[in-house]
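Each chain, letter by letter, is given below.
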Amino acid sequence: DAGVIQSPRHEVTEMGQEVTLRCKPISGHDYLFWYRQTMMRGLELLIYFNNNVPIDDSGMPEDRFSAKMPNASFSTLKIQPSEPRDSAVYFCASSFDRGWGNTIYFGEGSWLTVV
Amino acid sequence: KNEVEQSPQNLTAQEGEFITINCSYSVGISALHWLQQHPGGGIVSLFMLSSGKKKHGRLIATINIQEKHSSLHITASHPRDSAVYICAPYFGNEKLTFGTGTRLTIIP
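Overview of the structure. If you're wondering where the values come from, they're calculated on a predicted model, not measured in any experiment.

Comments concerning the overall build of chain A
Here's step 1: When its secondary structure is counted, chain A shows zero helices and 11 strands.
Here's step 2: Counting from the amino terminus, chain A carries its helices and strands in the arrangement β-β-β-β-β-β-β-β-β-β-β.
Here's step 3: A globule of 115 residues ought to have a C-alpha radius of gyration of about 13 Å, and chain A, at 13 Å, matches this closely.
Here's step 4: By its C-alpha atoms, chain A is 40 × 25 × 25 Å across when sized along the principal axes.
Here's step 5: Taken over 115 residues, chain A has a buried fraction of 46%.
Here's step 6: Of the contacts made within chain A by residues no fewer than 6 positions apart, 54% connect residues no fewer than 24 positions apart.
Here's step 7: Of the roughly 5,700 Å² of accessible surface on chain A, a fraction of 50% belongs to carbon and sulfur atoms.

Structure follows, in structure tokens:
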């Protein structure tokens, strides 16, 4: 399996623009997580899905952030409008059976810079 | 509050040295991941453990549930082990809570 695939790897955008980050989880995994990593706050969970259904979005910073998982093989994280403070690395991860008894797999990350 | 503390924050060692990174957490957990992140790179889960000890190559992870403590050991350290190591426990739900990480640098 190719692992968790994220795109784009790098994006630079201007403040106010819409940003869409994409993730393809590992086939057969039933959990998908979106994380954000910054120097100041480290790794933070934004939202996670189980069987394509959002379970907990309490980590989503504000209404400018939204995430969808239309099917088992695809998820998006959208920021509209983007702001400089959204600059961070966004990681997607997937796991089978909650990750308690199985390893969680991370994508390579999407490096976002908002100028 | 679910808190995770790692020590040391930074560690520099000579190639070949035995490395220990520690993780303490405030309340009971169901399981814990040790994650590795190379500079500019992705994150890899090295271990997921809920009790006892696991070994993979030169890496060993231990956990003591009663003492709320886990350690990651690296034997015969190598410059390619240079990375940030992150302790990430599950506090009874699906969410991982992340430690602040230990930046390890191995000098040839």
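Let us keep going from here.
Concerning the packing of aromatic side chains
Here's step 1: Applying the stated criterion to the full structure yields seven aromatic pairs over all chains.
Here's step 2: Judged by centre distance (6.0 Å) and plane angle (20°), the rings of F33 of chain A and Y35 of chain A are stacked.
Here's step 3: Classification of F33 of chain A by relative accessible area gives buried; the value is 0%.
Here's step 4: In textbook terms, an aromatic cluster arises when at least three aromatic residues are bridged by ring pairs, as seen for Y31, F33, Y35, Y48, F91 and F106 of chain A together with F98 of chain B.

So, the sheet that holds strand β8 (residues 74-79) of chain A
Residue and element names in this part refer to chain A.
Here's step 1: Spatial strand order, β1-β3-β8-β7: four strands in an open sheet with antiparallel pairing. Strands with a single pairing partner mark the edges of an open sheet, and in this sheet they are β1 (5-7) and β7 (65-71). Geometrically, the sheet is characterised by an average inter-axis angle of 15° between neighbouring strands, direction not taken into account.

Considering the interface of chain B and chain A
Here's step 1: Of the residues lining the interface, 19 residues belong to chain B; the matching set on chain A comes to 21 residues.
Here's step 2: Interface area, chain B with chain A, both sides summed: about 1,700 Å², of which 62% is carbon and sulfur.
Here's step 3: Applying the counting criterion to the chain B and chain A interface returns one residue pair in polar contact (both at pLDDT 80 or more).
Here's step 4: Only β4 (31-37), β5 (43-49) and β9 (83-90) of chain B provide two or more residues apiece to the side of chain B that touches chain A.
Here's step 5: Counting residues per element, the side of chain B that touches chain A draws most heavily on β4 of chain B, at four residues.
Here's step 6: Classifying every residue of the side of chain B that touches chain A by side-chain character gives eight nonpolar, nine polar and two charged.

Parameters and conventions
Residues numbered from 1 in each chain as written. Chains lettered and ligands numbered in written order. Predicted model: local features only at pLDDT ≥ 70, side-chain atom pairs only at ≥ 80, totals over all residues. Heavy atoms only, no water. Helix = DSSP H or I, 4+ residues; strand = E, 2+ residues; numbered from the N terminus. Rg over C-alpha atoms; globule rule 2.2 N^0.38 Å. Buried < 20%, exposed > 50% of the residue type's maximum accessible area, 1.4 Å probe, protein only. Contact = heavy atoms within 4.5 Å. Areas by Shrake-Rupley, 256 points an atom, 1.4 Å probe, with all protein chains shown as cover. Phe/Tyr/Trp six-rings, centres within 6.5 Å; stacked < 30°, edge-to-face > 60°. Pairing = 2+ DSSP bridges. Axes fitted to C-alpha atoms, helices over the stretch in contact; angles between N-to-C directions. Buried area = accessible area lost by both parts, 1.4 Å probe. Polar contact = N/O pair within 3.5 Å; in protein donor to acceptor, adjacent residues only side chain to side chain. Nonpolar A, V, L, I, M, F, W, Y, C, P; charged D, E, K, R; others polar.

Shape is all these values report; function is a separate question.
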